[in-house]
Amino acid sequence: MLSDVSSWLVWILPLISSLFVPLIAHFSEKARNYFVLIISLITAILAFSLVPALFGVEEAITASADWMPSAGITAGVFIDPLSVLFAVLVAFFGLIIAIYSQSYMKEEEGLTRYYFLLLLFIGSMIGLVVSDNFLQMFIFWEMVGLCSYSLISFWYHRPESIRAGAKVFLMTRIGDVSLLAAIGLIYAYLGSFSFRYAIDNISTIPVEILTAIAFLTLGGAIAKSAQLPLHTWLYSAMEAPTSVSALLHAATMVKAGIYLIARLILILGPLAFALPMWLPAVAWIGVLTAFLGATLALYTPDIKGVLAYSTISQLGFMMASLGTVSLHSSLGWFASLFHMMSHAFFEGLGFLLAGGIIHALGTRDMRLMGGLKKAMPITFALSIIMILTTSGLPPFAAFFSKGMIITSLTETGNLLQVVLIYITTALTFMYSLRFMKLVFMGEESEHLKKLHPHEAPKLMLYPAAILAGLCVAWGFVGPWLIGFMHVNAEVSLLGSFFSLETPIFFAILVPAGLIIYLTYYKQSGVMMRFRSSSNPLMSVLKHGYFFDDVYERITGRGITTLSSGVRRANEVVMDNVVVPARGIVSFAGRVRNLDASYSGNLPQAIANAVIKVAHGVKKYLDVLADDLLSIIAHRTMQGASRMKNVPSSSLQHYIAAALLGFILILLLIILTVGI
């Protein structure tokens, strides 16, 4: 079958092809560019070829090959509607960005490195979503993170780009450690990384251990998909080229966390509803992230910042919807994925248009814009479609997908969540109108009069026009998609217009629009006083709710403590050589004692360390989250005791596999730096 070949080639082809980019560039830059376009096109065709293979098929299509036979570990593909949906999205956007980059990145240096990382990312991201086991998925998860870091730091001569890349790398590593811990527990209890084996045997894992696994997995999704409290990296990632922002940080990579939770729900099956507090936690994290992101998008003057915070908010919508899944309805699961595609189209469109605007004006500050509708009429027209879709107005795609999300939240009966999501919807309309006013409406700013801006090149407008068309068409795909995804829920396009949520939605848009009108058109005195710097709320928004301030203070204290420790150690060494010598002997003795005491109980030691971390959190932050950390740590310790029953050879194979992935990442770093 064609799908058997396509399911392998769709990720192997771009991965291998990325290695040829430097070689081809050595002979011809033009040939390099055409090569990237051709590989992106073939990858997209391969991804779309997987769709027909799933019609009328209830079970996932799997294929595997020996990887580490002695440990029973294979490399393989797991082709089901979820993986194919994501593979099509990644491959399609990879092609769109490859075309867009031919113009947007035309004058940049280091394009060989850029295109190498672009193909590497496409292959890694598709490999992540079609992997048939947790270990293979995690290796691709790390490779995607590496590509993100490298592309964010593409302009490495800019200090802010280097800082942004480092911030993204470090913050997302928190989630990676959490996910790796979850995978370790799964392997400890099942003795396999396979998705299919996990689906068949997940019920053998005790509920308390499954709860720990679910929350640890959620930690990985929170970091990767920029959810509270690890959301701040996404705004920093806007230091990347806008084409990168569109591909990684709007359309694809940030959706990896959504994929992870959606996949875990399928693996857990009915057990997902038996895990205490997990699905409600997913929903609350999503709702609060959506609200927070929308408020920050309403404040920032950065054109890419609006789109970044909008992405955070829309990812919150998706996460909230996943948390509404129940035994009786899968509407929330489907609504999340439906909106995931809608968001990719309208947010990707927004970034492509923003790239053209920044390209013409040389600034990201919307306060230096205004009146652009005359100079950039096509961009203005496409922006109207983007704004209407973002706001969720009919008949555009987000009207249907957001309506399903609101319906799924309403069905849970949690009134506070419903109220917050409606408020967030109103805020979305507000920051969309504000974006339109500051960028396109009114008179040209003095900055624009000096520049004489012009329309973006056609090669940048064509991909944007395609996305604009999909913003209109995608909403009508819902009934077909629900059959393709095998979801037990009813979707009616006509019913969406007459549902109870629709009149409420339109009712809240009226005051939202009035507020923007009074603030930015009439410049009402009341609204001007509200927006003044003396308002404490404005100070809170200016500092992004102080998340980064807290993180920087914690990090600063850690660095200061480390620096002081190094200084004291240096003074001791310089003043007295005997003391450090004795210290080394003492340390060696302690290591020997530790080895004797813990050689068979390393997992318990790790769990105890986690417990100490939980107590530390309670001491310094005094928040309720420490209780949850303590519970997870205790559960992890109980699970760790089971790890002693796993044959040592299996553990060695697991460690070897992890080391293999680490070595692969090191090789990729070396190759990247060397280009």
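So, how was this worked out
- Residues numbered from 1 in each chain as written.
- Predicted model: local features only at pLDDT ≥ 70, side-chain atom pairs only at ≥ 80, totals over all residues.
- Heavy atoms only, no water.
- Helix = DSSP H or I, 4+ residues; strand = E, 2+ residues; numbered from the N terminus.
- Expected span 1.5 Å × (residues − 1).
- Buried < 20%, exposed > 50% of the residue type's maximum accessible area, 1.4 Å probe, protein only.
- pLDDT = per-residue confidence, 0-100.
- Contact = heavy atoms within 4.5 Å.
- Axes fitted to C-alpha atoms, helices over the stretch in contact; angles between N-to-C directions.
- Parallel < 35°, antiparallel > 145°, perpendicular 65-115°, else oblique.
- Left-handed = near helix turned anticlockwise from the far one by under 90°.
- Pairing = 2+ DSSP bridges.
- Core = buried A, V, L, I, M, F, W, Y, C linked by side-chain atoms within 4.5 Å.
- Domains from an automatic or database assignment.
- Phe/Tyr/Trp six-rings, centres within 6.5 Å; stacked < 30°, edge-to-face > 60°.
- Lys NZ or Arg CZ within 6 Å of the ring centre and 35° of its normal.

The end-to-end C-alpha separation of helix α11 (residues 256-268) is 18 Å, in line with the 18 Å expected for 13 residues at 1.5 Å each. Of all 13 residues making up α11, twelve are buried, and the element is well covered by its neighbours. Turning to α11, its buried residues are Ala256, Gly257, Ile258, Tyr259, Leu260, Ile261, Ala262, Arg263, Leu264, Ile265, Ile267 and Leu268. Two residues or fewer past α11, glycine 269 is found with a positive phi of approximately 65°.

Let us look at the confidence of the model for the protein chain. Across the protein chain, pLDDT averages 83, with 81% of residues at or above 70. Within the model, pLDDT remains below 50 along residues 613-629, and this stretch shows nine contacts once partners closer than five positions in the same chain are excluded. Between residues 646-663, whose pLDDT stays under 50, and residues either more than four places distant or in other chains, the model counts 15 contacts.

The next point concerns the packing of α11 against helix α14 (residues 331-361). Orientation of α11 relative to α14, taken along the N-to-C sense of each, is 155°, at an axis distance of 11 Å. Here α11 lies roughly antiparallel to α14, going by the angle between them. Every pair of crossing elements has a handedness; the one defined by α11 and α14 is left-handed. Contacts between α11 and α14 involve Ile258, Ala262, Ile265 and Leu266 from the first element and Trp333, Ser336 and Leu337 from the second.

Inspection of the sheet shows strand β1 (residues 61-68) paired to strand β2 (residues 73-79) by seven bridges, in the antiparallel sense. Within the sheet, the bridge partner assigned to isoleucine 61 lies in β2 and is isoleucine 79. If you look at the hairpin formed by β1 and β2, you'll find four residues sitting between the two strands, and glycine 72 has a positive phi there, around 70°.

Counting 220 residues, the largest nonpolar core has Trp278 and Trp333 as the members making the most contacts within it. When residues of this core are assigned to their parent elements, the largest contribution, 20 residues, is made by α14. A domain split of this core shows at least three residues from each of domain 1 (1-276) and domain 2 (284-531). The residues contacting tryptophan 333, other than those within four sequence positions of it, are Leu82, Ala262, Ile265, Leu266, Ser321, Leu322, Val325, Met485 and Val487.

Counted under the stated rule, the structure contains 27 aromatic pairs. Between phenylalanine 55 and tryptophan 480 the ring centres are 6.1 Å apart and the planes differ by 65°, which places this aromatic pair in the edge-to-face class. Of this pair, phenylalanine 55 sits in the loop between α2 (29-48) and β1 while tryptophan 480 sits in helix α21 (residues 478-484), placing them 425 residues apart in sequence. By relative accessible area, which is 42% here, tryptophan 480 ends up partly exposed. An aromatic cluster is defined as three or more aromatic residues linked by ring pairs; in this entry it consists of Phe92, Phe93, Phe334, Phe338, Phe345 and Trp474. In this structure, arginine 173 packs its charged tip against the face of phenylalanine 169, placed 4.4 Å from the ring centre.

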